[in-house]
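Okay, here's what each chain looks like letter by letter:
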Amino acid sequence: MSPNPTHPSEPTARYTYECRTAVAAAEEAGALLRSRFPDRLTARPKGERGDVVTDLDLLAERIVVDRIRERFPHDAILAEESGELGGDGGGRTWLVDPLDGSNNVVIGLPVYVVGVALCVDGAPVVGVVHEPVSGRTWSARSGGGAFGPGGRLPAAVADRPPSPAGPVLAWTQGHAVRRDDPAVRALRHTLELGSRRLLQLWAPLLAWAMLARGDIDGFVGYRAEAIDLPAGALLAREAGVAVRHLDGREFGGGFRGPDTERSFVAGRPEVLPRLLELAAGAGGTVPVLSPSPPAPPPTP
């Protein structure tokens, strides 16, 4: 990352100070998580669909929120566990996912990250993903590129021909999506048939980081959660990944609006057409845009 600018409002340093703040806060929270995983935590149910919250979620969230509040006292904050935390307008909102992968942590699976984003007028301008287990951090600023431990992430993965067995994809769906939702079942079935692997990591921000690094070929989400979407989508887009709605429209990656507007297909430009084809059921037979069953075909 660039050094902390003396005057963070200068055009050449736009959002650099905010990005440095987010990186430092995420890494501080990550150090706490790493020191307490896997044995020093308590968990309780969250909601009615099998989700959980741990004391580590709350402790990590407090660290990140406090660091943001110290440096940007007037900005709004939307945190995973605490909800909306004030702010006096200005169109700036921080999004904090202090432990993306809580369900993994509870069962002792070391697959979790910390996510922080800043949105201005609803659009992401800063995105940070920190992986406590490895100590690695990925960050992006709007128009400023995406960066990882080794420096700037390349805009394309060189010399990696597509596998004849199909792409490796990640999958996520929102907590509000029912398991028997006919649209999501049809979409997942189509993706599983058309891919080499379909990963469900229970940590969407980690999937976004893997996509930005080029470790996987694509990422598909159905009515995704709002809190972690902006950081991940910005990171991927700044690394050269194309992100679209399931019908091919441009995808903004913001956190506002209904979850029906947060279904997406993401992949590098050369593989995106194939991913959109898969999402559409290779002929439009999969009801990807509506939870209702597909209409019967017209009578010839």
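Everything here concerns the structure above.
Conventions used here
- Residues numbered from 1 in each chain as written.
- Predicted model: local features only at pLDDT ≥ 70, side-chain atom pairs only at ≥ 80, totals over all residues.
- Heavy atoms only, no water.
- Core = buried A, V, L, I, M, F, W, Y, C linked by side-chain atoms within 4.5 Å.
- Buried < 20%, exposed > 50% of the residue type's maximum accessible area, 1.4 Å probe, protein only.
- Helix = DSSP H or I, 4+ residues; strand = E, 2+ residues; numbered from the N terminus.
- Contact = heavy atoms within 4.5 Å.
- Pairing = 2+ DSSP bridges.
- Phe/Tyr/Trp six-rings, centres within 6.5 Å; stacked < 30°, edge-to-face > 60°.
- Salt bridge = Lys/Arg side-chain N within 4 Å of Asp/Glu carboxyl O.
- Axes fitted to C-alpha atoms, helices over the stretch in contact; angles between N-to-C directions.

Student: Tell me about the nonpolar core, and name the residues and values.
Tutor: Ranked by size, the top nonpolar core spans 39 residues in total, and within it Trp208, Leu211, Phe219, Leu235, Phe264 and Ala266 carry the most contacts. When residues of this core are traced back to their parent elements, those giving at least two are strand 6 (113-120), strand 8 (136-141), strand 11 (168-173), helix 5 (204-213), helix 6 (229-238) and strand 15 (264-267). If one sorts the elements of this core by residue count, helix 5 sits on top with 8 residues. Apart from residues lying up to four places away in sequence, Trp208 is in contact with Phe219, Leu229, Gly232, Ala233, Ala236, Val243, Phe264 and Ala266. In terms of nonpolar packing, the next biggest core, distinct from the first, is built from 31 residues, Cys19, Ala26, Val65 and Tyr112 among them.

Student: An account of the sheet that holds strand 5 (residues 92-100) is needed here, citing residue identities and associated values.
Tutor: Note on sheets: strands pair through backbone hydrogen bonds, and any given pair is parallel or antiparallel. Spatial strand order, 4-3-5-6-7-8-9-10: 8 strands in an open sheet with mixed pairing. In this open sheet, the two strands that pair with only one neighbour each are strand 4 (83-84) and strand 10 (151-152). Two strands pair when backbone bridges link them, and strand 3 (residues 76-79) and strand 5 are joined in this way by 4 bridges, in the parallel orientation. Across the sheet, the residue bridging to Ala79 is Val96, located in strand 5.

Student: Quick rundown of the packing of aromatic side chains? Include the residues and the values.
Tutor: What the rule picks out here adds up to 7 aromatic pairs. Geometrically, the ring pair formed by Phe72 and Trp94 is tilted, given 5.4 Å between the ring centres and 35 degrees between the ring planes. Here the residue Phe72 occupies a position in the loop between helix 2 (55-71) and strand 3, and Trp94 occupies one in strand 5, the gap between them amounting to 22 residues. Each of the two residues, Phe72 as well as Trp94, counts as buried. With a centroid separation of 5.2 Å and 80 degrees between ring planes, the pair formed by Phe219 and Phe264 is classed as edge-to-face. A residue pair is termed long-range when its members are at least 10 positions apart, and Phe219 in strand 13 (residues 218-222) and Phe264 in strand 15 qualify at 45 residues. For the pair shown, Phe219 and Phe264 are each scored as buried. Site record: aromatic cluster; members linked through ring pairs are Trp208, Phe219, Phe251 and Phe264.

Student: Residue-level account of the pattern of salt bridges, with values.
Tutor: Within the structure shown, the criterion is met by 19 salt bridges. Glu18 is paired through a salt bridge with Arg92; the nearest N and O atoms lie 3.1 Å apart. Pair noted here: Glu18 is in helix 1 (residues 16-36) and Arg92 is in strand 5, with a separation of 74 residues, a long-range link. Its relative accessible area of 18% is what places Arg92 among the buried residues.

Student: Outline helix 6, listing residues and values.
Tutor: Within helix 6, 8 of the 10 residues are buried, leaving the element largely enclosed by the surrounding structure. Residues of helix 6 that are buried: Leu229, Pro230, Ala231, Gly232, Ala233, Leu234, Leu235 and Ala236. Looking one or two residues past helix 6, Gly240 carries a phi angle of roughly 95 degrees, positive in sign.

Student: Outline the pairing of strand 2 (residues 51-54), supporting the account with residue identities and numerical values.
Tutor: Every second residue of strand 2 is oriented toward a common face, with Asp51 and Val53 on one face and Val52 and Thr54 on the other, all of them buried. Summarising the sheet, strand 1 (residues 43-46) and strand 2 pair through 4 bridges and their orientation is antiparallel. Residue Arg44 lies in a different strand from strand 2, and its bridge partner there is Val53.

Student: For the environment of Asp66, give the residues involved together with the corresponding values.
Tutor: Its location among the elements puts Asp66 in helix 2. Put simply, Asp66 and Ala25 are 41 residues apart on the chain and 8.7 Å apart in space, counted from C-alpha to C-alpha.

Student: Break down the sheet that holds strand 15 for me, citing the residues and quoting the values.
Tutor: An order of 12-11-13-15-14 is seen for the 5 strands of this open sheet, with the pairing classed as mixed. Both edges of this open sheet fall to strand 12 (197-199) and strand 14 (242-245), since each of them pairs with a single strand only. Across the sheet, the axes of successive neighbouring strands diverge by a mean angle of 20 degrees, strand direction being ignored. Alignment of strand 14 against strand 15, held across 4 bridges, turns out to be antiparallel. Its bridge partner being in strand 15, Ala242 is matched across the sheet by Gly267. The sheet strands contacting helix 4 (residues 182-194) are strand 11, strand 12 and strand 13, and the helix crosses strand 11 at an angle near 170 degrees.

Everything listed is a geometric property; what it means functionally is a separate question.
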